[in-house]
Amino acid sequence: MPQQSRYQDKDFEALMNKVILTLEQEDADRDLSLMVLGNVITHIMNTQVPAANRKQFAEQFTNILKKSINE
């Protein structure tokens, strides 16, 4: 998702590569990978985003996701 970030590219890339490597090591297919990642996103939203902001946060997240796959 190309977007301005407060995180350094190397930090982002390192964590993303660890997640991808874990999915590959577990032989997770597309559906399982997306289910796991979706549940991780839900967990993050439920634990780190105030309830009153979750709907807006989810809408912003999905809009960014849609833009990233259309590029």
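Fair warning: this is a prediction, and the values are worked out from it, not measured in the lab.

**Q** Honestly, the pattern of salt bridges in this entry has me stumped. Any pointers?
**A** When the charged atoms of two side chains lie near each other, side chains of opposite charge can form a pair. Across all of its chains, the model carries one salt bridge by this definition. Where arginine 30 meets aspartate 31, a salt bridge forms, and the shortest distance between an N and an O atom there is 3.3 Å. On the basis of relative accessibility, which here comes to 43%, the residue aspartate 31 falls in the partly exposed class.

**Q** Mind showing me how you'd approach helix α2 (residues 30-48) here?
**A** Given 3.6 residues per helical turn, the α-helix brings residues three or four places apart onto the same face. Its 19 residues give α2 an end-to-end C-alpha distance of 26 Å, which sits within 8% of 27 Å, the value for a rise of 1.5 Å per residue. Measuring from the side-chain oxygen of the N-cap residue of α2 to the backbone nitrogen of aspartate 31 gives 3.3 Å; that N-cap residue is aspartate 29.

**Q** How do you make sense of the environment of aspartate 31 when you look at a structure like this?
**A** You can see aspartate 31 is positioned in helix α2. Sequence separation between aspartate 31 and isoleucine 20 is 11 residues, and the spatial gap between their C-alpha atoms is 14 Å.

**Q** Would you explain the side chain of serine 33 in this entry?
**A** Relative to the helices and strands, serine 33 resides in helix α2. For serine 33, a relative accessible area of 11% gives the class buried. Excluding residues that lie within four positions of it along the chain, serine 33 makes contacts with Leu23 and Ala28.

**Q** Help me understand the environment of valine 19, please; the structure alone is not making it clear to me.
**A** Here valine 19 is to be found in helix α1 (residues 9-25). For valine 19, a relative accessible area of 36% puts it in the partly exposed group. In the structure, valine 19 is positioned 18 residues away from leucine 37 in sequence and 9.4 Å away in space, judged by C-alpha atoms.

Conventions and cut-offs
- Residues numbered from 1 in each chain as written.
- Predicted model: local features only at pLDDT ≥ 70, side-chain atom pairs only at ≥ 80, totals over all residues.
- Heavy atoms only, no water.
- Salt bridge = Lys/Arg side-chain N within 4 Å of Asp/Glu carboxyl O.
- Buried < 20%, exposed > 50% of the residue type's maximum accessible area, 1.4 Å probe, protein only.
- Helix = DSSP H or I, 4+ residues; strand = E, 2+ residues; numbered from the N terminus.
- Expected span 1.5 Å × (residues − 1).
- Polar contact = N/O pair within 3.5 Å; in protein donor to acceptor, adjacent residues only side chain to side chain.
- Contact = heavy atoms within 4.5 Å.

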